[in-house]
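Each chain is listed here by its residues.
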Amino acid sequence: MQQLPTPSITRNHQSHAPLSELDRITELAGDLAGQFELVPLLERVLGHAVALLGCESGSISIVHEAEGYYRKEVDQGVGCHQGQTFPLTEGLTGQIVATRGTVILDCYASVPAGHIDPDDPRWRSAVIGVPIAWDGAIIGTFAIFSNGPGRVFTAEDASLVELFANHAAIAIMNSRLHQAAAAKEREAAVAGERERAVQEVHETIGRSLSSLLLHLDRADKATPGGSPSIAHIDSARVLAHEALFEARRTVLGLAPSSLAGSTIEEAVRQELDIVSAGYPITITLLVTGEQHDLAPVVAHQLFMVIQEALANVVAHSRATTCRIGIFYEEAVLTVIVEDNGRGFERPNIQGDIGSTQGRRLGLHGIAARAHYLRGEVHVDSTPGWGTSIRVQVPYSSNGDASRERWKVLVACTQPLIRAGLVRLLETSEPSVQVLGEVTTLEDLTESVSLLQPDMIVLDDLLLGEYAGARSIGSDTVERPVVVVIDHPTNEQLTLSASSGVRGFISLSSTPTEVARVVVAAARGDALLDGAIFSRLAEGRGTSEPAANTSRLTARELEVRTLLAEGLADKQIATRLGISVKTVEKHVGAMLRKTGARNRTMLVTGAVGQASVGSRTR
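As the structure is a prediction and not an experimental result, all values here were calculated from the model. (Residues numbered from 1 in each chain as written. Predicted model: local features only at pLDDT ≥ 70, side-chain atom pairs only at ≥ 80, totals over all residues. Heavy atoms only, no water.)

**A word on the sheet that holds strand β15 (residues 455-459)**
For step 1, the next point in the chain: Taken in spatial order, the five strands line up as β14-β13-β15-β16-β17 in an open sheet, and their pairing is parallel. Looking along the sheet, the strands with just one partner apiece sit at the ends: β14 (432-438) and β17 (501-505). For this sheet, the mean inter-axis angle between neighbouring strands, taken without regard to orientation, is 25 degrees.
For step 2, the next point in the chain: Bridging between strand β13 (residues 406-411) and β15 involves four bridges; their strand directions are parallel. Across the sheet, the residue bridging to A411 is L458, located in β15.
For step 3, the next point in the chain: Packing against the sheet, helix α11 (residues 441-451) makes contact with β13, β14 and β15, and its axis sits at approximately 165 degrees to β13. (Pairing = 2+ DSSP bridges. Helix = DSSP H or I, 4+ residues; strand = E, 2+ residues; numbered from the N terminus. Axes fitted to C-alpha atoms, helices over the stretch in contact; angles between N-to-C directions. Contact = heavy atoms within 4.5 Å.)

**Notes on the pattern of salt bridges**
For step 1, the next point in the chain: This structure, assessed with the given rule, holds 11 salt bridges.
For step 2, the next point in the chain: The closest approach of N and O atoms between E65 and R100, which form a salt bridge, is 2.3 Å. One end of the pair, E65, is in the loop between β2 (57-64) and β3 (69-76); the other, R100, is in the loop between α3 (91-99) and β5 (102-105), and 35 residues separate them in sequence.
For step 3, the next point in the chain: Since its relative accessible area comes to 31%, E65 is described here as partly exposed.
For step 4, the next point in the chain: Across the pair E338 and R323 runs a salt bridge whose closest N-O atoms are separated by 2.6 Å. Here E338 is found in strand β10 (residues 332-339), whereas its partner R323 is found in strand β9 (residues 321-328), with 15 residues between them in sequence.
For step 5, the next point in the chain: Bridged by salt links that share partners, the residues R218, D443 and E446 form one connected network. (Salt bridge = Lys/Arg side-chain N within 4 Å of Asp/Glu carboxyl O. Buried < 20%, exposed > 50% of the residue type's maximum accessible area, 1.4 Å probe, protein only.)

**Focus: the packing of helix α16 (residues 554-564) against helix α17 (residues 569-576)**
For step 1, the next point in the chain: Orientation of α16 relative to α17, taken along the N-to-C sense of each, is 130 degrees, at an axis distance of 10 Å. On the basis of their axis angle, the class for α16 and α17 is oblique. The hand of the α16/α17 crossing is right-handed. Only D569, I572, R575 and L576 of α17 make contact with α16, whose side of the interface consists of R555, E558, V559, L562 and L563.
For step 2, the next point in the chain: Across the contact of α16 with α17, the residue classes break down as five nonpolar, no polar and four charged. (Parallel < 35°, antiparallel > 145°, perpendicular 65-115°, else oblique. Left-handed = near helix turned anticlockwise from the far one by under 90°. Nonpolar A, V, L, I, M, F, W, Y, C, P; charged D, E, K, R; others polar.)

**Observations regarding the pairing of β5**
For step 1, the next point in the chain: With burial as the criterion, each face of β5 is covered, one bearing T102 and I104 and the other bearing V103 and L105.
For step 2, the next point in the chain: Pairing of β5 with strand β6 (residues 127-134), which is carried by three bridges, proceeds in the antiparallel orientation. Pairing of V103 across the sheet is with G129, part of β6.

**Thoughts on the packing of α17 against helix α18 (residues 580-594)**
For step 1, the next point in the chain: At a minimum axis distance of 8 Å, the contact between α17 and α18 shows a crossing angle of 105 degrees. Judged on the interaxial angle alone, α18 and α17 are roughly perpendicular. Within the contact between the two elements, α17 uses D569, K570, I572 and A573 and α18 uses V580, V583 and E584.
For step 2, the next point in the chain: Of the residues in the contact of α17 with α18, the class split is four nonpolar, no polar and three charged.

**Remarks on the side chain of H586**
For step 1, the next point in the chain: Looking at the element boundaries, H586 is found in helix α18.
For step 2, the next point in the chain: Residue H586 is classed as buried on the basis of its relative accessible area of 17%.
For step 3, the next point in the chain: Those residues in contact with H586 that sit more than four places away from it in its chain are R555, E556, V559 and I578.

**With respect to α11**
For step 1, the next point in the chain: Of the positions making up α11, those classed as buried are L441, D443, L444, E446, S447, V448 and L451.
For step 2, the next point in the chain: Positive backbone phi, approximately 55 degrees, marks Q452, located one or two places after α11.

**As for the confidence of the model for the protein**
For step 1, the next point in the chain: Residues with a pLDDT of 70 or more make up 74% of the protein, whose mean pLDDT is 75.
For step 2, the next point in the chain: Note on residues 539-547: pLDDT under 50 across the span, and 18 contacts to partners over four residues away in sequence or across chains. (pLDDT = per-residue confidence, 0-100.)

See below:
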């Protein structure tokens with residue numbers, strides 16, 4: 001028996017191989033490119049090797065050395081029990097693994113515990129056994145039998161089999177990598193579908209429980225004092241509140257599918273690999289500081305910030321390099337995305353975010369996610385020099401989210417529009433939670449008191465009733481309102497001004513536009529269509545006395561003008577070079593001087609009747 005060293009993958013056989021051998025090796029290399037089905041590939045490798053050696057029989061086995069067994073994967077012309085498994089103490093494969101190298105035998109009968117029947121012609125044939133190695137480990141074996149006792153294999157024959165064993169190793173590892181990637185993709189799809197299903201069930205249960213609480217509150221009011229039913233109603237209310245809390249806690253505890261089982265850094269690196277493979281751009285990632293455990297909602301929102309920023313770089317910047325930084329600081333987590341692209345042609349990017357005329361949906365999405373986590377976003381861009389996006393969010397020591405989702409109450413009289421709104425809000429923006437759906441003013445008033453939403457979405461049919469109720473003091477809590485309306489009249493615009501309306505959406509609005517307007521209103525910003533805003537401003541004095549602006553100072557008038565443009569306090573502060581607190585003081589002073597109850601009324605001047613109503617409370 002001869003024993004040769006483990007083969008080298010880079011062995012060169014050109015000086016010994018005839019043209020037919022080169023043709024076969026070239027053809028085999030083509031077979032390996034992009035093919036991932038293991039058995040057909042191994043059959044091709046084995047067939048080429050057997051043919052080149054002038055033989056007819058051979059086999060390839062897959063070795064599981066850690067588990068102590070091997071499997072006969074491919075068998076050509078040998079009764080070696082293809083598909084069966086055996087311990088590594090048996091057969092030619094066991095001998096190859098034990099010696100850790102190539103084995104040449106003049107007669108297979110010398111193999112201890114061999115699996116070929118003694119009546120088989122190959123029992124007395126010569127055999128070459130070669131390990132299939134990868135990264136220092138034996139992952140399989142390659143065996144070729146002579147056609148009879150007269151053939152003796154040489155070291156040159158063994159070298160050729162070693163070359164094909166290297167091809168087999170590539171085929172096995174490619175197949176394993178492909179299977180692992182496919183399994184991971186399936187797991188991600190299952191996790192995403194599970195998360196979507198849980199989220200949808202949670203939203204349905206949440207609205208049902210909110211409706212249940214509303215009816216329990218009505219039952220409590222309708223039950224006479226001292227009735228034994230009150231105790232049962234109170235118990236039911238407590239259980240409903242606990243169930244609603246647990247449902248929210250459970251769904252918020254689910255990690256996004258893109259981050260399932262990995263940290264935000266790992267998810268970002270995977271995203272960078274995907275982008276780098278598909279686009280000619282060099283991307284680097286830097287992570288510094290003592291890492292904190294992030295709540296799933298925080299990790300998800302920051303991952304989406306980086307993903308949206310990368311999408312902007314790829315789609316618009318024409319950049320060749322991009323740098324991403326994740327910085328764990330003492331009290332905040334900072335994410336920076338910089339590129340060397342063409343930058344923005346308009347210098348006032350901060351004014352675009354959240355403004356009435358903003359068109360940069362990607363930047364708005366980044367800003368909305370930062371504000372959702374009660375963080376800050378800064379965008380610096382110079383034409384020809386690139387863009388830098390810096391997002392900074394706070395986190396507590398235990399990684400809790402900075403705030404819950406924006407709570408929205410949908411009030412529409414038309415079931416189809418109501419259902420469509422709920423669905424759009426649930427799927428368009430993870431920072432929005434629909435607390436409930438109502439159809440009447442009575443339900444709306446009670447739901448606002450009971451559920452305490454952050455904002456309300458109304459249709460045009462309920463707008464007039466809601467404005468009338470506010471004018472007589474039925475609802476004293478100031479909440480932003482978004483109105484669903486296609487062609488507003490001057491009267492409706494005036495009603496909107498006196499009802500805390502911060503935005504309009506129409507039946508033709510896209511999901512992205514709906515999310516933008518609702519999130520902006522919840523943040524206290526205003527996103528108004530230019531035509532609607534012009535009509536609102538033009539009609540401000542048609543049915544209500546104009547606001548008393550003669551007492552306003554020059555600085556207050558500047559602040560009021562910027563409010564009319566839809567800018568938030570921070571944007572106004574940046575524009576005027578003053579602090580945010582100073583802006584808030586100017587707004588408070590203008591509200592007192594004009595008698596306006598909210599910023600929309602201050603901008604439009606529709607304060608007359610509302611001021612009278614506020615004085616009669």
